Amino acid sequence: MTNKKYHTTLLFYLAAFFLPVLIMIGVLYSQKIYPGSERTILTSDGFHQYVIFATGLRNILHGDGSLFYTFTSGLGLNFYALTSYYLGSFLSPLYYFFTVNQMADAFYYITLLKFGLIGLSGAFSFKRLFTKVSRSFILCLSTGFSLMSFATSQLEINTWLDAFILAPLIILGLHLLLRFNRRGLYFFSLTCLFIQNYYFGYMMAIFLIFWFFVQTTWDFKNRIKTFLDFTIVSILSGVTSLIMILPTFLDLKTHGEKLTSVDRLFTEKTWFLDIFAKNFIGSFDTTKYGSIPMIFVGLLPFILTILFFTIKSIKFHVKLTYAIFFTFLITSFYIEALDLFWQGMHTPNMFLHRYAWIFSTLLIYTAAEVLNRLKELKLWNLFVSLFLVLTGFLATVYFKSHYSFLTDLNILLTLEFLLVYALLLLAVIRKFISVNLFAILLSLFITAEISLNASSQMEGIAKEWAFASRSVYNRDITAMESILNQIDNPFTRTEKLQIQTGNDSMKFNYNGISQFSSVRNRSASTSLDKLGFKS
């Protein structure tokens, strides 16, 4: 590689990393959140669970406790099993470098780092998969993927972001296995996901079964031969990750929640135009109960996905398999049994439709296939796509009473950007502008669009949950350290009368009885509650 090419490639990947980071820095700053600010990034489960468990890990890394078991939660807790859900990230050891009082800032820095790594891994995957797509387009796709609504609207659950770092690498790895019988990247990235987060690993496993058969349709005769390789490598990846999954499974089997029974046909609060309603720029309903899927990943991918089904060079059976996959996902949003199936047959405690990111991912990769064939687009392709998209959006506006969260600003911004993208696509198809100019203009508008949407998600979080202040989070830390220094017996159990969270004992590093997590010891919790000790 020549020096010039090397520097160009380096700048490209730096842009892929820093673009989403800089956007999120600006968006968070608009909420008065920045390093050292009084308002922190902590909210919802990020305040009550994730940062506290990160603090527990930080204390353990400093030699105070064990990675396998801790007495700072619920009379004793399998910390190893807890890490697989709440701390499953190779970036978690970075908490070591922060003090207890700096954990809010640590959460901020590591969350930003993860957004950047999503953009970087996305750009790496898109560049290798779609060789005819210009780097400007790839940056648009990677930034949109990094800051999709699913990620930004739930950024307080920052371990979920690791799944999106690995997802593009897994998809690229599967491509390398299908095309060149190269198994390494697929095995390594999938194993990492299973180890880091078994929950999202489960969803990814389902996705990969569909994605394998979708991808074989491009060259069925040759690619179907890799089915045995795909199956064996996937199983070996699962077996390798048993070092984390098996202890977690045994713990959940003993102390976890029961599976949810299907007692209704349809999911809650769904209506016919949900897909369009959640593709308005800045649309945010709730992350509590009664939400519809967070699927926004940009207007352009939405338009291009419909264009995909009009391109003549793409064979009918390929379009059919993509259509079946999209249909299955959309149906899953509406049918309770399928919705639960994607989520391990367990109803989520808020933050519903947790597999919605798969729909966003499918949109991005389908849109990339269209950009790979940009020169094949005709006016009729564009008009068909725009007609369907505009009809859907206008119908949603007409039936706005079903979507009270949509504001006039959401509608106005969406229609304006839709007009801009339509004019740009029209201009490049008719060759009024060059592809390079098209790419530059598109990058500018997509950056603005993604920024506006991310800002709206932060506004939604702030109104629904409120970002915690630094003084509130750090309250009692110094006082508790003073009190705990007086406790000599390690078997002494202590609890605060005025609790701040359900995990105060882990936050302040004392042996207590309180516990609040999805993997808590429910037998101990229930017994203590019956004895009058709130756990």
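Preceding block: the structure.
Keep in mind that what you see is a predicted model, and the values were worked out from it rather than measured. (Residues numbered from 1 in each chain as written. Predicted model: local features only at pLDDT ≥ 70, side-chain atom pairs only at ≥ 80, totals over all residues. Heavy atoms only, no water.)

### Quick word on the overall build of the chain
Tallying secondary structure elements over the chain gives 24 helices and zero strands in all. Computed over the C-alpha atoms, the radius of gyration of the chain is 24 Å, within 12% of the 24 Å expected from 2.2 N^0.38 for a compact globule of 535 residues. Intrachain contacts of the chain at a sequence separation of at least 6 include 76% that bridge at least 24 residues. If you sum the accessible surface of the chain, you get close to 22900 Å²; carbon and sulfur atoms cover 66% of it. Averaging the coordinates of the 42 positive side-chain charges in the chain and doing the same for the 29 negative ones gives two points 13 Å apart. (Helix = DSSP H or I, 4+ residues; strand = E, 2+ residues; numbered from the N terminus. Rg over C-alpha atoms; globule rule 2.2 N^0.38 Å. Contact = heavy atoms within 4.5 Å. Areas by Shrake-Rupley, 256 points an atom, 1.4 Å probe, with all protein chains shown as cover. Lys, Arg positive; Asp, Glu negative; His and termini not counted. Charge placed at Lys NZ, Arg CZ, Asp CG, Glu CD.)

### Structural notes on the pattern of salt bridges
Using the criterion set out here, one finds nine salt bridges in the structure. Between arginine 373 and glutamate 369 there is a salt bridge, and its shortest N-O distance comes to 2.9 Å. For the residue pair arginine 373 and glutamate 369, the accessibility class agrees, reading buried in each case. One salt bridge connects aspartate 408 with lysine 400, and the closest N-O pair in it is separated by 3.3 Å. (Salt bridge = Lys/Arg side-chain N within 4 Å of Asp/Glu carboxyl O. Buried < 20%, exposed > 50% of the residue type's maximum accessible area, 1.4 Å probe, protein only.)

### A word on the packing of aromatic side chains
Counted by the stated rule, this structure contains 60 aromatic pairs. Between the aromatic rings of tyrosine 108 and tyrosine 109, the centroid separation amounts to 5.6 Å while the plane-to-plane angle is 75 degrees, which identifies the pairing as edge-to-face. The class of tyrosine 109 is partly exposed, set by a relative accessible area of 40%. A ring pair is formed by phenylalanine 417 and tyrosine 421, whose centres lie 6.1 Å apart and whose planes are at 50 degrees; its orientation type is tilted. One end of the pair, phenylalanine 417, and the other, tyrosine 421, are both in helix α19 (residues 408–429), four residues apart, so they sit about a helical turn from each other. (Phe/Tyr/Trp six-rings, centres within 6.5 Å; stacked < 30°, edge-to-face > 60°.)

### As for unusual backbone geometry
In this structure, methionine 345 takes a positive phi of about 60 degrees despite not being glycine. Residue position: methionine 345 is located in the loop between α16 (336–342) and α17 (356–371). Residue classification places methionine 345 among the partly exposed residues on the basis of a relative accessible area of 26%. A positive phi angle is found at histidine 353, which is not glycine, with a value near 50 degrees. Structurally, histidine 353 can be placed in the loop between α16 and α17. On the accessibility criterion, histidine 353 (3% relative accessible area) is buried.

### Quick notes on the environment of leucine 169
Tracing the chain through its elements places leucine 169 in helix α7 (residues 161–180). For the pair leucine 169 and serine 66, spaced 103 residues apart in sequence, the C-alpha to C-alpha distance is 32 Å.

### Let's talk about the side chain of aspartate 339
Relative to the elements of secondary structure, aspartate 339 occurs in helix α16. The buried charged residue aspartate 339 lacks any salt bridge partner; its closest oppositely charged side chain belongs to arginine 264, at an N-O distance of 7.2 Å. Side-chain polar atoms of aspartate 339 contact the side chain of histidine 353, separated by 2.9 Å. (Polar contact = N/O pair within 3.5 Å; in protein donor to acceptor, adjacent residues only side chain to side chain.)

### What to know about helix α15 (residues 316–334)
The α-helix winds at 3.6 residues per turn, so residues separated by three or four positions along the chain end up facing the same way. Taking 1.5 Å as the rise per residue, α15 with 19 residues should run 27 Å; its terminal C-alpha atoms sit 27 Å apart, in good agreement. If you check which residues of α15 are buried, you get Val318, Lys319, Thr321, Tyr322, Phe325, Phe326, Leu329, Ser332, Phe333 and Tyr334. Next to the buried residues of α15 lie α9 (198–216), α13 (274–277), α14 (299–308), α16 and α17. (Expected span 1.5 Å × (residues − 1).)

### Side note on a positive patch on the surface
A grouping of Lys132, Lys312, Lys375, Lys378 and Lys431 is seen on the molecular surface, where their side chains present a positively charged patch. Taking the relative accessible area as the measure of exposure, lysine 378 reaches 48% and is therefore partly exposed. (Patch = residues over 30% accessible without salt bridge, like charges linked within 9 Å, V, L, I, M, F, W, Y side chains within 5 Å.)

### Here we look at the environment of leucine 42
Along the polypeptide, leucine 42 turns up in the loop between α1 (3–30) and α2 (44–61). You can call leucine 42 buried: its relative accessible area is 0%. For the pair leucine 42 and phenylalanine 405, spaced 363 residues apart in sequence, the C-alpha separation works out to 24 Å. Residues in contact with leucine 42, not counting those within four places in the same chain, are Phe47, Val51, Ala104, Phe107, Ala466, Phe467, Ala468 and Tyr473.

### Side note on the packing of α14 against helix α18 (residues 379–398)
One can describe the packing of α14 onto α18 by two numbers: an axis separation of 8 Å at closest approach and a directional angle of 125 degrees. By the angle class used here, α14 and α18 are oblique. You can see that α14 and α18 cross each other, and the crossing is right-handed. Residues Leu299, Phe302, Ile303, Ile306 and Leu307 of α14 lie in contact with α18, whose contacting residues are Asn381, Leu382, Ser385, Leu386, Leu388, Val389 and Phe393. For the contact of α14 with α18, the class distribution of residues is 10 nonpolar, two polar and no charged. (Axes fitted to C-alpha atoms, helices over the stretch in contact; angles between N-to-C directions. Parallel < 35°, antiparallel > 145°, perpendicular 65-115°, else oblique. Left-handed = near helix turned anticlockwise from the far one by under 90°. Nonpolar A, V, L, I, M, F, W, Y, C, P; charged D, E, K, R; others polar.)

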